[in-house]
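Summary of structural features
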Amino acid sequence: MKSQYRAVLSIALLFALCTITGCVYTVAGTKLPPITPSQPSLQSQVEHTVGDFAFSLEGGKMVTSNYAGRLLNDAIMTSWKDRGYISGARYIESQAFSRTADYNVTLSGSQYGESSIGMQILSGLTLFLIPYSVTHQYDVQYTVEDVKSGKKYQAGVQEFDKTYFEIFLLFTLPVAANGHKDTVQRMGDHLYDQLRRQ
């Protein structure tokens, strides 16, 4: 019994180490074409939070996950700042907006990871010599409130990206996350463009 526990623990630790050190490679989705929205004449300050956001990985049920929503929301806000759409963004817990920013942004939607549980187990048992992949399906909606006028605007996108796990992907570390970054950037561009047009 102890040897089985140690084996499971060893695989879990190797998986965590592999994930942290970069034994992954991401490929961007293809649903959203690259676009370049017009730059705003004045950059705004935003406060952002996570509303109803569900997360699930193959084999598990969809659960509300503020953590997964916050990771995605932070990435999109960073892309907006890097692109010059906003001047700054601050995360607010539980939608307790201070009403001091120009806009209040609330993320809702879901993230679903499609993968073969059998391949995950086989990959873990072979110490990640046999690769497996997870396809993340994103369904993202933003509700944006203009703090001064009280008007609300809606935007939404659907996209995916794919993550491959294998021990030899350690060598792709410098570019391993580029696919996910591209996916987030495209989602951010399309969300911002929809909101700008309103």
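The rules behind each value
- Residues numbered from 1 in each chain as written.
- Predicted model: local features only at pLDDT ≥ 70, side-chain atom pairs only at ≥ 80, totals over all residues.
- Heavy atoms only, no water.
- Patch = residues over 30% accessible without salt bridge, like charges linked within 9 Å, V, L, I, M, F, W, Y side chains within 5 Å.
- Areas by Shrake-Rupley, 256 points an atom, 1.4 Å probe, with all protein chains shown as cover.
- Salt bridge = Lys/Arg side-chain N within 4 Å of Asp/Glu carboxyl O.
- Helix = DSSP H or I, 4+ residues; strand = E, 2+ residues; numbered from the N terminus.
- Buried < 20%, exposed > 50% of the residue type's maximum accessible area, 1.4 Å probe, protein only.
- Contact = heavy atoms within 4.5 Å.
- Axes fitted to C-alpha atoms, helices over the stretch in contact; angles between N-to-C directions.
- Parallel < 35°, antiparallel > 145°, perpendicular 65-115°, else oblique.
- Nonpolar A, V, L, I, M, F, W, Y, C, P; charged D, E, K, R; others polar.

What follows is about a nonpolar patch on the surface. A grouping of M119, L122, L129, I130, F168, L170 and F171 is seen on the molecular surface, where their side chains present a nonpolar patch of about 650 Å² in accessible area. Counting through the fold element by element, M119 comes out in helix α3 (residues 117–125). Its relative accessible area of 32% is what places M119 among the partly exposed residues.

Looking at where T183 falls in the secondary structure, it is placed in helix α4 (residues 178–197). Take T183: its relative accessible area is 1%, and that puts it in the buried class. Excluding anything up to four places from it in sequence, T183 contacts A28, G29, Y138, E159, F160 and D161.

To continue, consider the side chain of T163. In this structure, T163 sits in strand β7 (residues 152–165). Given a relative accessible area of 9%, T163 falls into the buried group. Ignoring anything within four residues of it in the chain, the contact list for T163 reads V24, Y25, T26, Y132, S133, V134 and H136.

Take the packing of helix α2 (residues 66–83) against α4 next. When two helices pack together, their arrangement is given by the angle between the helix axes and the distance between those axes. Remark: α2 packs on α4, axes separated minimally by 9 Å, with the N-to-C direction vectors making an angle of 70°. What the angle tells us is that α2 and α4 run roughly perpendicular. Here L72, A75, I76, S79, W80 and R83 of α2 come into contact with α4, specifically with V184, Q185, M187, G188, D189, L191, Y192 and L195. Per-class residue counts for the contact of α2 with α4 are nine nonpolar, three polar and two charged.

The next thing to look at is unusual backbone geometry. Backbone geometry places S94, a non-glycine residue, at a positive phi of 50°. Its location among the elements puts S94 in the loop between β4 (86–91) and β5 (103–114). Since its relative accessible area comes to 65%, S94 is described here as exposed. Even without glycine at this site, Q95 takes up a positive phi of about 55°. Tracing the backbone through its elements, the reader meets Q95 in the loop between β4 and β5.

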